[in-house]
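For reference, the chains in residue letters:
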Amino acid sequence: MKTVYLDNNATTMVAREVVEEMLPYLGEYYGNPSSMHTFGGQVAHKVAEARLKIASLLGADPEEIIITSCGTESDNTAILSALANNPSKNHIITSRVEHPAVKVLCEGLARKGYRVTFIPVDPEGRLDMDEYAASLTPDTAIVSIMWANNETGVIFPVETAARLARERGILFHTDAVQAIGKIPVNMKGNTIDMLSLSGHKLHAPKGVGVLYVRKGTKFSPFLIGGHQEKGRRGGTENVPSIIALGKACELAAANLDKENTYVRELRDRLERGLLTAIPQCKVNGTKDERLPNTLNISFEFIEGESILLLMDQFGICASSGSACTSGSLQPSHVLRAMGVPYTMAHGSVRFSLSVYNTAEDVDLVIKELPPIIEKLRVLSPYWATPQGACATA
Amino acid sequence: MWEYTDKVKEHFLNPKNAGEIENPDAVAEVGSIACGDALKLTMKLDENKRIVDAKFKTFGCASAIASASALTELLKGKTIEEAEKITNQEIADYLGGLPPEKMHCSVLGQEALEKAIENYRGVSHRKPEEVIICACFGVTDGEIEHAVRQNHLTSIEEVTNYTKAGGGCGNCHEKIQAIIDRVYQTKERQAQPAERPRLSNLQKIRLIEETIDREIRPSLKHDGGDIELVDVVGNRVLVALRGACAVCHASQLTMKGFVQGKLQEFVAPELVVEEVAS
Ligand code: FES
């Protein structure tokens, strides 16, 4: 059975070109980039080249790139560094819909005595910018707001938010893990101080991430040790993965247009197909400001895990915001923050596409999903309108 | 991904006895959409009190559907006395076991069965003195105690796996621990109800408002809902629910129980809560 992979916000396939690029550095070129000899030095060259490619995707300087082990490390480092450098300030601003890498960290900091403001979102998943602006105080040490939401794909106006923070001398960090490679990002054109990205969301392998730190921003390292990353992150470089990430960034830059034309069209085709074929379903998150690859859709009166497992029978891979799939007994905090009713939240499914998907992939879902939804609804005690309800298909 | 047995998968992919019996002799509905799973059980009995047919409808994950399917298979052909002895563990065993985090699916099945039998006999289900311990999932002290005794649970985590209680905001963890402690204590301590001063009407309303602000609203907000105090008439407290709480009809019972429980605890034990349209 063919795998139809529509879960690219969870992780992505490592691109073939990326694998090829990194393989020699898992094999014969195993030198340490810090070594004095040519054998190690040639590796250092290749790492520098990769750093340049990463910087170029972001419109940044290579010195502004700190390579980390993952998006979570980047997020943690950014926030803790900001707090360490502003010891007299006690306030943190973030949103109610952050990834756990920011959310759980901030909740922990709140327990330690920091005042944390979680900015709400509206029913369409848009950030409340008035409340945000009103929350900025002289006591605020750091703002951390994601560029795009992983579950709904809703894009936040982080550049505007960063400007408001800068005007008040407040540091601004963004978790851009879902945005990079999907929408254009140019750090030369904004005032964001720190930005996180993750390799495995853009066709590089797992275990490598980046923290961008704008030149002139005070910084305290998280991992303390050697002089690597100019003393900003100790630990011998993950050479093969860094080289892989460099290649992946180069590909992402080349594919950015395709992401916003080809992938967007596929996503829209899927959305249209499902909305036409299935009654009582609804898209979560505003359609106006949304990543081109993401579709979060709720099917009323049924539960997400069941949907996923039945789709799995056809090789279709997606995610859900239902309680049973989150492992937490409660549906996704993002959908709850949006006020999505429980009848809808438990039955939410996220499809996230990539440039490697095809129209056949999408058409398979449009063909196989409606009977799955119908089957589960017939089983559901809440589904009370059998007559003609599915006639639109 | 959950590790489900082949038997769970089989009952999930091809559930047995799905549906609803017309004119059933026994019927029960347990769980709610808010909590993520719900089960409606209907049974037909013959003149010898033997279950000749049982059907289910389930809203929930794969193991909830499989547990309900297994329950109906176990039930068919049994007398009501035999059926009464079925435990949640038997449902799980029938399926070759469930992941620990999914044991609550088997508990839901057993609850439905209990309630259906009570419905058949015409006796009421929940004892009035039971109070809701976990507001997030509407679980009472009686239900927790029952699960603890029957399955020999010793930690909060286990109680969560079996009843869901404690799996949300975590505010009820202390109370769950207290129930566990009580079950394993040889001698039960008799709690003395605290002395309460008599309240004037104005004091009462103010205290109700304070309690809503402090004890109730944060929990509801956590789930995207809200509550508004509309009026207080004698001991009747009229409230309106909004947002996620208002649209979710399945959670109304739970909500009312939770709000009432808090107001009785902090204001006056004779208060009753009524919901009005906002
Ligand atoms: S009250 Fe029990 S988890 Fe929230």
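Nothing here was measured: the structure is a model prediction, and the numbers come from that model.

Parameters and conventions
Residues numbered from 1 in each chain as written. Chains lettered and ligands numbered in written order. Predicted model: local features only at pLDDT ≥ 70, side-chain atom pairs only at ≥ 80, totals over all residues. Heavy atoms only, no water. Helix = DSSP H or I, 4+ residues; strand = E, 2+ residues; numbered from the N terminus. Buried < 20%, exposed > 50% of the residue type's maximum accessible area, 1.4 Å probe, protein only. Contact = heavy atoms within 4.5 Å. Rg over C-alpha atoms; globule rule 2.2 N^0.38 Å. Areas by Shrake-Rupley, 256 points an atom, 1.4 Å probe, with all protein chains shown as cover. Lys, Arg positive; Asp, Glu negative; His and termini not counted. Charge placed at Lys NZ, Arg CZ, Asp CG, Glu CD. Pairing = 2+ DSSP bridges. Axes fitted to C-alpha atoms, helices over the stretch in contact; angles between N-to-C directions. Buried area = accessible area lost by both parts, 1.4 Å probe. Salt bridge = Lys/Arg side-chain N within 4 Å of Asp/Glu carboxyl O. Polar contact = N/O pair within 3.5 Å; in protein donor to acceptor, adjacent residues only side chain to side chain. Nonpolar A, V, L, I, M, F, W, Y, C, P; charged D, E, K, R; others polar. Domains from an automatic or database assignment. Parallel < 35°, antiparallel > 145°, perpendicular 65-115°, else oblique. Left-handed = near helix turned anticlockwise from the far one by under 90°.

S.K.: Just to check I follow, could you spell out the overall build of chain B for this structure?
M.R.: Within chain B, the secondary structure is distributed over 11 helices and 8 strands. With 278 residues in all, chain B has 47% of them scored as buried. Residue pairs at least 24 apart in sequence account for 58% of intrachain contacts in chain B once pairs closer than 6 positions are excluded.

S.K.: What should I look at first to understand the overall build of chain A in this one?
M.R.: Helices and strands together make up the secondary structure of chain A, namely 13 helices and 13 strands. Compactness check: chain A gives a C-alpha radius of gyration of 22 Å against a globular reference of 21 Å for 393 residues, within 12% of the reference. With respect to the three principal axes, the spread of C-alpha positions in chain A is 75 × 50 × 35 Å. For chain A, with 393 residues in total, the buried portion stands at 60%. Long-range pairs, those at least 24 residues apart, make up 74% of the contacts in chain A with a sequence separation of at least 6. Roughly 15000 Å² of accessible area belongs to chain A as shown, and the carbon and sulfur atoms make up 56% of that amount. Side-chain charges in chain A split into 39 positive and 43 negative, and the spacing between the mean points of these groups amounts to 3 Å.

S.K.: I keep staring at the environment of Asp75 of chain A and nothing clicks. Help me out?
M.R.: All names here are of chain A. You can see Asp75 is positioned in helix α3 (residues 71–85). The spatial distance from the C-alpha of Asp75 to the C-alpha of Ile278 is 39 Å, given a sequence separation of 203 residues. Once residues lying within four places of it in the same chain are set aside, the contact partners of Asp75 are Ala101, Val102, His173, Asp175 and Ser196.

S.K.: I would appreciate a short explanation of the sheet that holds strand β2 (residues 37–45) of chain B in the present structure.
M.R.: The strands making up a sheet associate through backbone hydrogen bonding, with each pair oriented either parallel or antiparallel. Residues and elements named next belong to chain B. The antiparallel open sheet is built from 3 strands, whose spatial order is β1-β2-β3. Here the strands that pair on one side only, and so sit at the sheet edges, are β1 (26–32) and β3 (51–59). Taking the axes of each pair of neighbouring strands and ignoring which way they run, one obtains an average angle of 10 degrees across the sheet. One ladder, built from 8 bridges, connects β2 with β3; its direction is antiparallel. For Leu39, the partnering residue across the bridge sits in β3 and is Thr58. Most of the contacts of helix α2 (residues 62–75) go to β3, to which it runs at about 175 degrees, and overall it touches β2 and β3. Packed on one face of the sheet, helix α5 (residues 103–121) meets β1 and β2 and runs near 145 degrees to β1.

S.K.: Looking at this structure, how should I read the interface of chain A and chain B?
M.R.: In many reports, interface size means the accessible area that the parts give up when they come together. Contacts between chain A and chain B engage 27 residues on the former and 39 residues on the latter. Summing both sides of the interface, chain A and chain B together bury roughly 2700 Å²; the carbon and sulfur share of this comes to 65%. For chain A, the biggest contributors to the area lost against chain B are Leu329, Tyr342 and Leu379 of chain A; these three give 25% of the whole. Ionic pairing is found between Glu305 of chain A and Lys102 of chain B, a salt bridge with its closest N-O pair at 2.8 Å. Applying the counting criterion to the chain A and chain B interface returns 8 residue pairs in polar contact (both at pLDDT 80 or more). When contributions to the side of chain A that touches chain B are tallied by element, the ones reaching two or more residues are α9 (304–312), α12 (342–345) and α13 (359–379) of chain A. Ranked by the residues each element gives to the side of chain A that touches chain B, the list is headed by α9 of chain A, at 5 residues. Across the side of chain A that touches chain B, the residue classes break down as 14 nonpolar, 7 polar and 6 charged.

S.K.: Even after reading the chapter, I still don't get the environment of Ala323 of chain A, so can you show me in this structure?
M.R.: Residues and elements named next belong to chain A. Mapped onto the fold, Ala323 is located in helix α10 (residues 323–326). Take Ala323: its relative accessible area is 5%, and that puts it in the buried class. Taking the C-alpha atoms as reference, Ala323 lies 40 Å from Lys218; in sequence the two are 105 residues apart.

S.K.: Mind showing me how you'd approach the sheet that holds strand β4 (residues 115–119) of chain A here?
M.R.: All names here are of chain A. Read across the open sheet, the 7 strands follow the order β2-β8-β7-β6-β5-β3-β4; overall the sheet is mixed. Strand pairing shows two members of the sheet lacking a second neighbour, β2 (65–68) and β4, which therefore form its edges. For this sheet, the mean angle separating the axes of adjacent strands, direction not counted, is 20 degrees. Sheet analysis places strand β5 (residues 140–144) next to strand β6 (residues 171–175), joined by 3 bridges and oriented parallel. For Val143, the partnering residue across the bridge sits in β6 and is Phe172. Across the sheet, helix α6 (residues 158–167) lies against β5 and β6, angled at about 160 degrees from β6, the strand it touches most.

S.K.: What's the story with the domain arrangement of chain B in this structure? I'm lost.
M.R.: All names here are of chain B. What the domain assignment lists for chain B is domain 1 (6–121), domain 2 (132–183) and domain 3 (201–275). Once you take the C-alpha centre of each, domain 1 and domain 2 turn out to be 22 Å apart. Contacts between the two partners involve 15 residues from domain 1 and, on the opposite side, 10 residues from domain 2. Across the domain 1/domain 2 interface, buried area totals approximately 930 Å², and carbon plus sulfur atoms make up 48% of it. Inspection of the region where domain 1 meets domain 2 yields 1 salt bridge.

S.K.: How do you make sense of the packing of helix α6 (residues 141–151) of chain B against helix α8 (residues 173–184) of chain B when you look at a structure like this?
M.R.: When two helices pack together, their arrangement is given by the angle between the helix axes and the distance between those axes. Residues and elements named next belong to chain B. In the contact formed by α6 and α8, the axes pass within 10 Å of each other and the chain directions differ by 50 degrees. In terms of their interaxial angle, α6 and α8 are classed as oblique. In the packing of α6 onto α8, the handedness of the crossing is right-handed. Here α6 contributes Asp141, Ile144, Glu145, Val148 and Arg149 to the contact with α8, which in turn contributes Ile176, Ile179, Ile180, Arg182, Val183 and Tyr184. Here the residues of the contact of α6 with α8 sort into 7 nonpolar, no polar and 4 charged.

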